[in-house]
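Geometric and topological summary
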Amino acid sequence: MQAPDDFNPRPGMAVELQTGLRRILAPNPSPMTYRGTNTYLLGEKDCAVIDPGPLNEGHLQAILGALQPGQRISHIIVTHTHLDHSPLAAPLAARTGAPILAFGGPESGRSAVMSELAEQGLAGGGEGIDTDFRPDIEVSDGEVIQGDGWQLDVIHTPGHLGNHIALGWSDVCFTADHVMGWASSLVSPPDGDLTDFMNACYRLRERDWSSFHAGHGAPIQNPTERLDWLINHRLEREAQILTALEEKPGTARDLAERIYTETPAALLPAAERNVFAHLVDLCGKSKASPKGQLSVNALFERLG
């Protein structure tokens, strides 16, 4: 978690961020969503709505009310299918006739190991999945979405969720929940895969960005520094887990209790999920191994 900032816009108000780009905050603040979900309106004539947000009639009216004379919504783009980002897409499409674009349905992009864990019955945690979501048009990594006076590069950034995408707009990137300024991204198996998350961070790091617009919180004006912080934060946690495993084997819960010594008991399940995400990643790198089948309750030992 990062230090509090002064980001506290009024929900429902369209705020101009730069020419051709506005942000509308959804009224869904929570410990998982910060002040609420950021919905972006891109374009000056035919506009793209990026992440319409949760199912909320007031937010639907705010998006429609932000349209100026001569403007229309031509694209509805969903970065991923968590309940705070995608459910309003269908009602917005019904009102505007605009197609819904996304990487795919709720399980699209899920890694093989996470698919196996899901088949074992491991349920996700966090924001909740929009299980009914289906896009009109599926977009793929490297594809370009074009509109009137704008274009977006699709960058598949799995990790927070398998179907998560970022969108490059020249040197600006809409990073959704992969990179945020107010907190580190949640990676909770089987929805989240830490190996994928780190690879996507390194991939974003290869481009020269001027700013990030995230799914929650204020614009990130130091994108390279923020990516480096996220990467190093995860590497430091990995080192802590390896040190703990060197002392003695442990389950994800046991390791969470040994590492997150100042975390309130109510937050330990989330810490356990985070540790398990790291353990799966460490198994893939042959640095740790479960005794028996890979599962959240398995006893893990260090290798090497």
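Up top you'll find the structure we're talking about.
Residues numbered from 1 in each chain as written. Predicted model: local features only at pLDDT ≥ 70, side-chain atom pairs only at ≥ 80, totals over all residues. Heavy atoms only, no water.

1. Some points on the packing of aromatic side chains
The full count for this structure, using the stated rule, is six aromatic pairs. Measuring from ring centre to ring centre gives 6.4 Å for Phe7 and Tyr34, while their planes differ by 20 degrees; the resulting arrangement is stacked. With Phe7 in the segment before strand E1 (14-18) and Tyr34 in the loop between strand E2 (21-25) and strand E3 (38-42), the pair connects residues that are 27 residues apart, well separated along the chain. Per residue, the accessibility class of Phe7 equals that of Tyr34, and both read buried. Here a set of aromatic residues connected by ring pairs shows up, and it is made of Phe7, Tyr34 and Trp182. One residue, Arg234, lies across the ring of Phe197, its end atom 5.6 Å from the ring centre. (Phe/Tyr/Trp six-rings, centres within 6.5 Å; stacked < 30°, edge-to-face > 60°. Helix = DSSP H or I, 4+ residues; strand = E, 2+ residues; numbered from the N terminus. Buried < 20%, exposed > 50% of the residue type's maximum accessible area, 1.4 Å probe, protein only. Lys NZ or Arg CZ within 6 Å of the ring centre and 35° of its normal.)

2. Quick word on the nonpolar core
One recurring pattern in soluble globular proteins: nonpolar side chains tend to sit buried together. Formed by 25 residues in total, the largest nonpolar core has its most connected members in Ile241, Val275, Phe276, Leu279 and Phe300. Every element with two or more residues in this core is listed here: helix H3 (112-119), helix H5 (223-247), helix H6 (252-259) and helix H7 (268-284). In terms of residues, this core owes the most to one element, H7, which gives eight residues. Those residues in contact with Phe276 that lie beyond four places of it in its chain are Leu117, Leu122, Pro189, Ala252, Leu294, Ser295, Val296 and Phe300. (Core = buried A, V, L, I, M, F, W, Y, C linked by side-chain atoms within 4.5 Å. Contact = heavy atoms within 4.5 Å.)

3. Brief notes about the pattern of salt bridges
According to the stated counting rule, one finds 14 salt bridges in the structure shown. Put simply, Arg110 and Asp191 hold a salt bridge, and the shortest N to O gap is 3.3 Å. With a gap of 81 residues between them, Arg110 in the loop between strand E6 (100-102) and H3 and Asp191 in the loop between strand E11 (172-176) and helix H4 (194-205) connect regions that are remote in the sequence. Asp191 sits in the buried class, given a relative accessible area of 12%. A salt bridge links Arg253 to Glu272; the nearest nitrogen and oxygen atoms lie 3.5 Å apart. With Arg253 in helix H6 and Glu272 in helix H7, the pair connects residues that are 19 residues apart, well separated along the chain. Residue Arg253 is classed as partly exposed on the basis of its relative accessible area of 30%. Beyond isolated ion pairs, a larger network of salt bridges with shared partners links Glu238, Asp281, Lys285 and Lys287. (Salt bridge = Lys/Arg side-chain N within 4 Å of Asp/Glu carboxyl O.)

4. Regarding the packing of H5 against H7
Two elements in contact, H5 and H7, have axes separated by 10 Å at closest approach and are oriented at 80 degrees. Relative to H7, H5 is oriented roughly perpendicular. Seen from H5, the contacting residues are Arg234, Arg237, Glu238, Ile241, Leu242 and Leu245; seen from H7, they are Asn274, Val275, His278, Leu279, Asp281 and Leu282. Residues of the contact of H5 with H7, tallied by class, amount to six nonpolar, two polar and four charged. (Axes fitted to C-alpha atoms, helices over the stretch in contact; angles between N-to-C directions. Parallel < 35°, antiparallel > 145°, perpendicular 65-115°, else oblique. Nonpolar A, V, L, I, M, F, W, Y, C, P; charged D, E, K, R; others polar.)

5. Some details on the packing of H5 against H6
Look at H5 against H6: their axes get within 10 Å of each other, and the N-to-C directions meet at 110 degrees. By the criterion of interaxial angle, the relationship of H5 to H6 is roughly perpendicular. Contacts between H5 and H6 involve Arg237, Gln240, Ile241, Ala244, Leu245 and Glu247 from the former and Leu255, Arg258 and Ile259 from the latter. Within the contact of H5 with H6, the residues separate by chemical class into five nonpolar, one polar and three charged.

6. Side note on the pairing of strand E10 (residues 165-169)
Extensive coverage of E10 is indicated by the burial of five of its five residues. The alternating pattern of E10 places Ile165, Leu167 and Trp169 on one face and Ala166 and Gly168 on the opposite face, and all of these are buried. Sheet topology places strand E9 (residues 150-156) next to E10; four bridges connect them, and they run antiparallel. Bridged to Val154 within E10 is Leu167. Relative to E11, E10 runs antiparallel, the two sharing three bridges. Across the sheet, the residue bridging to Leu167 is Phe174, located in E11. Between E10 and E11, which pair antiparallel one after the other, the connecting turn spans two residues, and Ser170 there sits at a positive phi close to 55 degrees. (Pairing = 2+ DSSP bridges.)

7. Some remarks on the layout of surface pockets
Computed from the structure, the second largest pocket encloses a volume of approximately 170 Å³. Together, Asp5, Gly181, Trp182, His216, Gly217, Ala218, Pro219, Ile220, Gln221, Asn222 and Arg226 line the second largest pocket. Here the lining of the second largest pocket is composed, by residue class, of four nonpolar, five polar and two charged. (1 Å grid on protein atoms, 1.4 Å probe; cavity = no way out; pocket = protein on both sides within 12 Å on 5 of 7 lines; lining within 4 Å. Points joined across faces, edges and corners; volume = space filled by probe spheres on them.)

8. Side note on the sheet that holds E6
Overall, mixed pairing links the seven strands, which are arranged E1-E2-E3-E4-E5-E6-E7 in an open sheet. Edge positions in the sheet fall to E1 and strand E7 (137-138), since each has one partner strand and no second. Pairing of strand E4 (residues 46-50) with strand E5 (residues 72-77) involves five bridges; the strand directions are parallel. Directly across from Ile50, in E5, lies its bridge partner Ile77. Across the sheet, helix H1 (residues 57-65) lies against E2, E3, E4 and E5, angled at about 160 degrees from E2, the strand it touches most. Contacts from helix H2 (residues 89-96) reach E4, E5 and E6 within the one sheet, and its direction differs from that of E5 by about 155 degrees.

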